[in-house]
Structure formats: C-alpha cells, structure tokens
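Working through the structure, step by step
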Amino acid sequence: MKIAIIGLGDIATKAYLPLLTRMSELDLVLCTRNPEKLAAVAREYRIAETCTNFRKLVEMNVDGVMIHTNSETHAPIATFFIEQGIPVFVDKPAALNFSDYQKLHDLAEQKSVPLFVGFNRRYIPIWRSLVARDDLRSISWHKHRLNLAGAAQDFVLDDMIHVIDSLNLDGEIDKQDVQISVQRKGGDIAMINLSWEENGTLFSGQMNRQFGKTCESVSLCFENEAYQFDSFLCGEKFENGKTERIEMPDWTDTLETKGFKGMLEDWVRVAKSGKGDEQVQLRNLSTHAFCERLVREISSS
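Here the structure is a predicted model, which means the values were calculated and not measured.

Further remarks concern the UniProt feature "domain: Gfo/Idh/MocA-like oxidoreductase N-terminal" (unreviewed entry) in the protein chain. Within this structure's numbering, the places UniProt gives as "domain: Gfo/Idh/MocA-like oxidoreductase N-terminal" (unreviewed entry) are residues 1–119. The distance separating the terminal C-alpha atoms of residues 1–119 is 23 Å; by composition the span is 41% helix and 21% strand.

If you want it as structure tokens, here you go:
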C-alpha cells in the first residue's frame, strides 16, 4: 500500500514518520515544496520516491495521502485528493471554518472516499477504555501551556480543539447547552473554561495558556471509583479508600502512549477498506462546528 506524506514539518517528522516507516505493509512517498528538506528527510528515512508538487502524487498511483501542511491549506489539498477518489488523512483542524469542513465532509460522502481527521487523543491507551464506559459520571480535561495567550482562532483551532474533541464523546457537543467563560490578556485569550451536563454526566474542560508549565490532566469519576491522570504515561485509581498506581508497561514507545500508534493503525485500516465509521464522521463534524461556535462567541463578546 503506497501512502504519501505531504508536508515535512515537526508533526510529520517527529510523530508520524518514525511509526509509518516501521509498518512493513506501507511504501511511502514524501512531498514538500522545499527540495532541501525533501532530500534530507528522504535520506534520513531511506525513502526513494519523492516529489515537490502534491498534484504529481496522482500520477504516482498512491493509495492514500496524509496532509501535514499549514492549517489553511488542509481543506483545499484534501478536496483535490477526494475528488481523485484517494483516501485522505488530514491533521486537525481539517478546515479553518465549519462551512469548508462541511463541504469537505459532503464531498467525501458523495465520492465514497474516506476522510480521516487526526485526533490522536482518541487512541491514548492508558485511559481509552475508561472514557468509553457507559457509567461515567463526570469527566474533566485540562490542557495548559506556558505564556502563550493568543488570538481566539489560533487558541481554539490549533490547541483547545484537542480538549473539545476529547470531551465530545458522542458527537453531540454542538447541540448542548455549554457554559463558556473566558479570561483575557489585553486583546488575547488567556484561558477558556467549558462545562455542561448530558444524560447525568458532567463534562468540564479548560485550557489555560498562562499556566506555570505545559501539561495535561484528565479526571474520570464513576460510582465510588475515580481516576486521575497527569500525563499519558501514568495515573491513579481511587476505590474503597485505596489508591492504585496505573502505569504503562516499561519501554512503551512515547508515540504509542500519546495515541499516534493506534491512530495510524486505524487510518491504514480505513484507507485499505475504503470505509470510515459513520459515528466518527459525525463526531468530526460536531467538533469542528463547536470550535467555530466558540471562536465566534469569544470574538463577539
């Protein structure tokens, strides 16, 4: 199976290529406009096929493409390949506004071509089974950064989209009565808090980009049972007055703990079969719709 990697920035070289080059069933093609970067990465990963124009990939008979370019180019590049009937993986956000994402989604449906959006946190192994339990009473997701207040669109679409999608378990967040509070630093956004209740479960999310460090934590509560994770590697379980340490096995690859391994395995399965999960597509729609709603509400307030 031949997969093309379009864009060779940090996300492609640090998160994707180390895993993709270990998948023996894949033949990789590299594509970027920078010939020096292209030659260096091809040499490092011993990849023979390369090009500097993504449109040339159609002639190279690729079976799927992965788009890791700047966010504003995601939708037009994805549209080009979907129109050619080629499965697409695209980094989040797949589009900078919901109208463009809706068009992309509808085109993929019309052409029966998989559109896969790269939300790696859906696949983090240490808490994935817990998030899926139907007896969840509350979930709190905090993702923080140090000294990085910024514009609403960048804040939400480049970063907080991870928190939003991680809480959007059933793909209905855009239809919920969500409480939103914002703290600002001058004209920039410093912190956003979200909360809502759905079917007896409490959801809360926060991103503070003036925190003391860059970190992420997840809390999950069930009846007389709770979990706290302060990283992708370890956490604690509280039950019957006792605390149990939860850890990933020794030598687990960092990219596996962060969900990239599971996500790529799922992407390859979807690309091979030519079919994506309908519920996943609805979740993608809902996440992008709510992000636009949040940016609009913040910008107008």
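A separate point is the sheet that holds strand E8 (residues 179–185). If you trace the eight strands from one edge of the open sheet to the other, you get E8-E9-E10-E7-E11-E12-E13-E14, paired in mixed fashion. Here the strands that pair on one side only, and so sit at the sheet edges, are E8 and strand E14 (242–247). The sheet shows a mean angle of 10 degrees between the axes of neighbouring strands, direction not considered. As paired elements, strand E9 (residues 188–198) and strand E10 (residues 201–208) share eight bridges and run antiparallel to each other. Note on E10: the bridge partner recorded for Ile 192 is Met 207. Across the sheet, helix H9 (residues 278–300) touches E8 and E9, and the angle it forms with E9 is around 125 degrees.

This part covers helix H8 (residues 260–273). With 14 residues, H8 extends 20 Å from end C-alpha to end C-alpha; this agrees with the ideal 20 Å at 1.5 Å per step. What H8 keeps buried is the set Phe 260, Met 263, Leu 264, Asp 266, Trp 267, Val 268, Val 270 and Ala 271. The secondary structure elements touched by the buried residues of H8 are strand E1 (2–6), helix H1 (10–20), strand E4 (64–67), strand E5 (88–91), strand E6 (115–118) and helix H7 (254–257). Looking one or two residues beyond H8, the residue adopting positive phi is Gly 274, at roughly 75 degrees.

Let's shift gears to the sheet that holds strand E2 (residues 27–31). Read across the open sheet, the six strands follow the order E3-E2-E1-E4-E5-E6; overall the sheet is parallel. Each end of this open sheet is capped by a strand with a single partner; those strands are strand E3 (49–51) and E6. Neighbour-to-neighbour, the strand axes of the sheet open up by a mean angle of 20 degrees, direction not taken into account. Pairing between E1 and E4: four bridges, direction parallel. Bridged to Ile 5 within E4 is Met 66. Where H8 meets the sheet, its contacts fall on E1, E4, E5 and E6, and the angle it forms with E6 comes to roughly 175 degrees.

Looking at the element boundaries, Val 280 is found in helix H9. Through-space distance from the C-alpha of Val 280 to that of Asp 266 is 12 Å; in sequence the pair is 14 residues apart.

Here the focus is the environment of Tyr 227. When you line up the elements, Tyr 227 lands in strand E12 (residues 225–229). Taking the C-alpha atoms as reference, Tyr 227 lies 33 Å from Met 23; in sequence the two are 204 residues apart. Not counting residues within four places of it along the chain, the set of residues in contact with Tyr 227 comprises Leu 130, Arg 133, Val 218, Ser 219, Leu 220, Phe 222, Glu 236, Lys 237, Phe 238 and Ile 246. Within the local environment of Tyr 227, its side chain forms a polar contact with the side chain of Glu 225, the two groups lying 2.4 Å apart.

Tracing the backbone shows Thr 257 in helix H7. Of the polar contacts made by the side chain of Thr 257, one reaches the backbone oxygen of Thr 254; its length is 2.7 Å. The contacts of Thr 257, once residues within four sequence positions are left out, are Ile 124, Pro 125, Phe 232, Leu 233, Met 248 and Thr 252.

A cis amide bond links Lys 92 to the next residue, Pro 93, at an omega of -15 degrees. For Pro 93, the location among the structural elements is in the loop between E5 and helix H4 (98–111). Of note in the backbone geometry, Ser 112 takes a positive phi value of approximately 55 degrees without being a glycine. For Ser 112, the position within the fold is in the loop between H4 and E6. Residue class for Ser 112 comes out exposed when judged on its relative accessible area of 60%. The phi angle at Asn 147 is positive, at roughly 50 degrees, despite the residue not being glycine.

What follows concerns the packing of aromatic side chains. The full count for this structure, using the stated rule, is 14 aromatic pairs. A centroid spacing of 5.6 Å and a plane angle of 90 degrees characterise the contact between Tyr 16 and Phe 260, whose relative ring orientation is edge-to-face. Here Phe 260 lies in helix H8 and Tyr 16 lies in helix H1, a separation of 244 residues in the sequence. The buried category is assigned to Tyr 16, whose relative accessible area is 2%. Look at Tyr 227 and Phe 229: their rings are 6.4 Å apart centre to centre, the planes differ by 5 degrees, and that puts the pair in the stacked class. Comparing Tyr 227 with Phe 229, the two get one shared label, buried. Each member of the aromatic cluster is reached from another via a ring pair, and the members are Trp 127, Trp 141, Phe 222, Tyr 227, Phe 229 and Phe 232. Residue placement shows Arg 55 over the ring face of Phe 80; its charged tip is 5.7 Å from the ring centre. Just above the ring of Phe 222 sits the side chain of Arg 133; from NZ or CZ to the centre is 3.7 Å.

Definitions and cut-offs
Residues numbered from 1 in each chain as written. Predicted model: local features only at pLDDT ≥ 70, side-chain atom pairs only at ≥ 80, totals over all residues. Heavy atoms only, no water. UniProt positions renumbered as here; feature names shortened; annotations may be inferred. Helix = DSSP H or I, 4+ residues; strand = E, 2+ residues; numbered from the N terminus. Pairing = 2+ DSSP bridges. Axes fitted to C-alpha atoms, helices over the stretch in contact; angles between N-to-C directions. Contact = heavy atoms within 4.5 Å. Expected span 1.5 Å × (residues − 1). Buried < 20%, exposed > 50% of the residue type's maximum accessible area, 1.4 Å probe, protein only. Polar contact = N/O pair within 3.5 Å; in protein donor to acceptor, adjacent residues only side chain to side chain. Phe/Tyr/Trp six-rings, centres within 6.5 Å; stacked < 30°, edge-to-face > 60°. Lys NZ or Arg CZ within 6 Å of the ring centre and 35° of its normal.

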